[in-house]
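Close look at the chain arrangement
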Amino acid sequence: MLVVAVALIDARGRCLMQQRPRHRRHGGLWEFPGGKVEPGELPASALVRELAEELAIVVDPAALEPVGFATDAPVTMLLYRCHDWRGTPVPLEAEAFRWDRPEALAGLPMPPVDVPLLAALARFVAHG
Ligand SMILES: Nc1nc2c([nH]c(=O)n2[C@@H]2O[C@H](COP(=O)(O)OP(=O)(O)OP(=O)(O)O)[C@@H](O)[C@H]2O)c(=O)[nH]1
């Protein structure tokens, strides 16, 4: 299963993470906005679609910068980061969401693939 996700990063270097609805797989865990890549879809297009559905924001695929990828079978997740979007994120599907520095988010309960990707993101945000 190929999953794409994004770290939206605001002007203060804070990143958005959201909590999965409790009745879903991985319910209650904190994760990056995103979702599954559908057959025939490009990863960046899937992410643009998911961000419109989940957060009601508009993202230009050119504003998505790769951070890295991680696998925990059956999930392989590609993480991008993005500093520029149109609209104010509204949690249309999440139980809750929060903005915080990546190192402050590291203690939250999250799916296994998110752990190394959040660490990679923290290095990016710290060193540019
Ligand atoms: N969006 C997102 N999904 C993640 C992350 N980490 C991670 O393991 N996943 C997993 O990747 C899959 C994401 O797909 P999804 O959110 O579209 O899937 P779902 O199974 O809830 O949706 P569906 O029932 O509508 O098909 C889920 O199994 C989710 O648990 C993450 O940081 N962000």
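Above this text you will find the structure in question.
Residues numbered from 1 in each chain as written. Predicted model: local features only at pLDDT ≥ 70, side-chain atom pairs only at ≥ 80, totals over all residues.

1. Concerning the overall build of the chain
Spelled out, the test is: Helix and strand assignments follow DSSP, with helices taken as H or I runs no shorter than four residues and strands as E runs no shorter than two, numbered in order from the N terminus. Only C-alpha atoms enter the radius of gyration; for comparison, a globular chain is expected to reach 2.2 Å times N to the power 0.38, where N is the number of residues. Exposure criterion: with C-beta atoms placed from backbone coordinates, a residue whose C-beta has 20 or more other C-beta atoms within 10 Å is buried, one with 12 or fewer is exposed, and one in between is partly exposed. Placing C-beta atoms from the backbone, we regard two residues as in contact once those atoms come within 7 Å.
Along its length, the chain carries three helices and seven strands. Secondary structure elements of the chain, listed N to C terminal, follow the sequence β-β-β-β-α-β-β-β-α-α. For a compact globule of 128 residues, the expected C-alpha radius of gyration is about 14 Å, and the chain comes in at 13 Å, within 12% of that figure. Dimensions of the chain, computed from C-alpha atoms along their principal axes, come out at roughly 35 × 30 × 25 Å. In the chain, which comprises 128 residues, the proportion classed as buried is 32%. Long-range pairs, those at least 24 residues apart, make up 66% of the contacts in the chain with a sequence separation of at least 6.

2. Overview of helix α1 (residues 43–55)
To keep it simple, the criterion reads: To estimate how far a helix should extend, the number of its residues minus one is multiplied by 1.5 Å. Regarding the arc, it is the one traced by the directions from the helix axis to the C-beta atoms.
When the terminal C-alpha atoms of α1 are compared, their 18 Å separation across 13 residues agrees well with the 18 Å that a helix rising 1.5 Å per residue should span. Three or more residues of α1 are buried, namely A44, L47, V48, E50, L51 and L55. Looking straight down α1, one finds that the buried residues subtend no more than 165° of arc, so they occupy a single side. Once α1 finishes, A56 follows within two positions and takes phi at roughly 60°, a positive value.

3. What to know about the sheet that holds strand β3 (residues 30–31)
Condition: The rule for pairing is simple: two strands pair if DSSP sees at least two bridges between them.
One open sheet accounts for three strands, arranged β3-β2-β7; its pairing is antiparallel. The open sheet terminates on both sides in strands that have one partner only, identified here as β3 and β7 (96–100).

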